[in-house]
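Take a look at the letters that make up each chain.
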There are 2 protein chains.
Amino acid sequence: MSFSPLIRQLIDALRTLPGVGQKTAQRMALQLLERDRSGGSRLALALTQAMEGVGHCRLCRTLTEDDLCPQCADMRRDDTLLCVVEGPMDVYAVEQTGYRGRYFVLKGHLSPLDGLGPEAIGIPQLMTRIAEQGTFAEVILATNPTVEGEATAHYIAQLLSNKGLIASRIAHGVPLGGELELVDGGTLAHSFSGRRPITL
Amino acid sequence: MSFSPLIRQLIDALRTLPGVGQKTAQRMALQLLERDRSGGSRLALALTQAMEGVGHCRLCRTLTEDDLCPQCADMRRDDTLLCVVEGPMDVYAVEQTGYRGRYFVLKGHLSPLDGLGPEAIGIPQLMTRIAEQGTFAEVILATNPTVEGEATAHYIAQLLSNKGLIASRIAHGVPLGGELELVDGGTLAHSFSGRRPITL
Ligand SMILES: [Zn+2]
Ligand SMILES: [Zn+2]
């Protein structure tokens with residue numbers, strides 16, 4: 001019992017953030033209150049606008065407040081390449097490699113034990129996107145290099161096998177068991193250039 | 001160029017928080033958007049209410065939205081003991097030791113090179129508080145065990161020397177050069193019980 005109710009409420013709310021425990025939340029709350037009230041108010045406004053305004057891109061399903069995300073709205077990109085990832089953070093990671101094709105963002109990976117099948121992660125929407133676009137020659141499966149990510153890539157490759165498309169998998173330059181978004185840009189660039197067709 | 005404007009704005013605003021860099025801010029923003037929108041909205045509300053509502057306790061100057069903070073409003077505390085600290089986080093740290101006297105919260109420490117003299121950190125208000133209360137027998141100087149914290153404690157002890165009060169300094173169980181709020185509760189409890197009068 002040493003913080004007032006509004007400060008305790010702020011500390012509790014800050015613990016919502018990933019990786020923020022009790023002590024870190026206390027430091028954050030008091031530092032904002034003591035030294036940066038305008039920064040705290042700016043963060044409140046940014047949170048409100050983002051939580052209420054951000055939806056999903058009509059084409060790639062990444063997070064955006066617009067009908068199309070920056071990647072889908074960009075007319076100069078290569079419409080023959082589609083990169084499939086597990087989440088919006090992976091788009092950011094793949095952009096760092098210099099890739100300038102198109103994207104499709106799944107909702108994670110297949111996870112039968114959690115009841116997450118193809119529909120739950122958006123694979124039917126991926127197949128619709130590929131059919132409607134009609135320009136893709138290669139689908140780069142850049143799901144995470146985990147057991148589930150590999151299984152998801154393999155599942156999609158099977159669906160694509162009779163569609164006249166190359167389904168490729170990013171090379172194992174990425175460390176096994178890791179998360180794509182934690183890999184440095186150079187390693188990920190290597191794994192992109194070393195990608196190869198999936199043999200079923 | 002891979003996040004939409006509202007998401008970029010949120011990432012920038014999250015970097016306001018202490019210890020949060022670009023990559024951490026990205027993860028926080030996307031995790032809130034993908035998995036916990038209600039948590040994000042709750043944080044926005046808590047920030048707004050705290051930034052607009054929290055002021056300073058009339059007696060001890062710690063952060064609170066009420067006229068008196070929980071420590072000053074508590075009638076069961078020892079009115080003969082006053083503990084002087086550098087900031088609100090230190091009140092929390094000292095509470096962990098079991099101390100149940102009163103507090104006065106300075107705005108940091110004396111720092112002549114930064115132009116921070118006694119007025120800037122609230123020492124005149126501390127002296128007024130002690131005079132008006134009239135019940136304190138001992139003033140525990142629990143400023144940080146840094147060069148500036150020691151100098152601040154010594155300065156206050158000199159002001160109190162002809163007031164018939166004991167001015168004590170927390171014992172050097174706390175590591176020199178450290179920050180009070182980072183010390184574990186046991187060490188801080190030791191340094192409280194080992195406090196001794198300041199000899200000028
Ligand atoms: Zn898009
Ligand atoms: Zn108070």
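First, a word on what this report is: a plain description of the structure on this page. The structure presented is a predicted model; accordingly, all values stated were derived computationally and were not measured.

This paragraph deals with empty space enclosed by the protein. This model, assessed by the stated rule, comprises 2 cavities of 30 Å³ or more. Looking at the largest cavity, its volume works out to about 50 Å³. Taken together, Thr62, Leu63, Cys69, Pro70, Gln71 and Pro88 of chain A together with Ser2, Phe3, Ser4 and Ile7 of chain B make up the full set of residues lining the largest cavity. If you add up the space inside the second largest cavity, you get close to 40 Å³. Ser2, Phe3 and Ile7 of chain A together with Thr62, Leu63 and Pro88 of chain B are the residues that line the second largest cavity. Broken down by class, the residue content of the lining of the second largest cavity amounts to 4 nonpolar, 2 polar and no charged.

Rotating chain A by 180° and translating it 0.0 Å along the rotation axis places it on chain B, where the RMSD comes to 0.0 Å. In short, the pair behaves as if placed about a two-fold rotation axis. When C-alpha positions in chain A are compared against the rotation axis, the closest is assigned to Ala44 of chain A, at 2.1 Å. The overlap is high: 100% of the interface residues of chain A also sit at the interface in chain B, so the same surface is used on both sides.

This part is about the interface of chain A and chain B. Contact with chain A, which involves 53 residues of that partner, is made by 53 residues of chain B. For the pair chain A and chain B, the two sides together bury roughly 5400 Å², of which 68% comes from carbon and sulfur. At the junction of chain A with chain B, the criterion picks out 0 salt bridges. Counting only elements with at least two residues in the side of chain A that touches chain B, the list comes to α1 (5-14), α2 (22-35), α3 (37-53), β2 (63-64), α4 (70-73) and α5 (88-95) of chain A. Looking at side-chain class alone, the side of chain A that touches chain B contains 28 nonpolar, 15 polar and 10 charged residues.

Residues and elements named next belong to chain B. Protein-derived ligands of the zinc ion (ligand 2) are Cys57 (SG), Cys60 (SG), Cys69 (SG) and Cys72 (SG), with the metal-ligand distances lying across 2.3 to 2.4 Å. If you look at the zinc ion (ligand 2), its 4 donor atoms make angles of 104 to 119° with each other, and the shape they trace is tetrahedral. All donors of the zinc ion (ligand 2) belong to a single chain; written as a sequence motif, their spacing is C-x2-C-x8-C-x2-C. The buried category is assigned to Cys57, whose relative accessible area is 0%. What makes Cys60 buried here is its relative accessible area of 2%.

Residues and elements named next belong to chain A. Pairing is mixed in the open sheet, where 5 strands are placed in the order β4-β3-β5-β6-β7. The open sheet terminates on both sides in strands that have one partner only, identified here as β4 (102-105) and β7 (196-197). As paired elements, strand β6 (residues 166-169) and β7 share 2 bridges and run antiparallel to each other. Within the sheet, the bridge partner assigned to Ser168 lies in β7 and is Pro197.

Reading the values: rules and limits
Residues numbered from 1 in each chain as written. Chains lettered and ligands numbered in written order. Predicted model: local features only at pLDDT ≥ 70, side-chain atom pairs only at ≥ 80, totals over all residues. Heavy atoms only, no water. 1 Å grid on protein atoms, 1.4 Å probe; cavity = no way out; pocket = protein on both sides within 12 Å on 5 of 7 lines; lining within 4 Å. Points joined across faces, edges and corners; volume = space filled by probe spheres on them. Nonpolar A, V, L, I, M, F, W, Y, C, P; charged D, E, K, R; others polar. Least-squares fit on C-alpha atoms with pLDDT ≥ 70 in both. Contact = heavy atoms within 4.5 Å. Buried area = accessible area lost by both parts, 1.4 Å probe. Salt bridge = Lys/Arg side-chain N within 4 Å of Asp/Glu carboxyl O. Helix = DSSP H or I, 4+ residues; strand = E, 2+ residues; numbered from the N terminus. Donors = N, O, S within 2.8 Å, 3.2 Å for Na, K, Ca; no water. Tetrahedral: all angles 85-135°; square planar, octahedral: opposite > 155°, others 65-115°. Buried < 20%, exposed > 50% of the residue type's maximum accessible area, 1.4 Å probe, protein only. Pairing = 2+ DSSP bridges.

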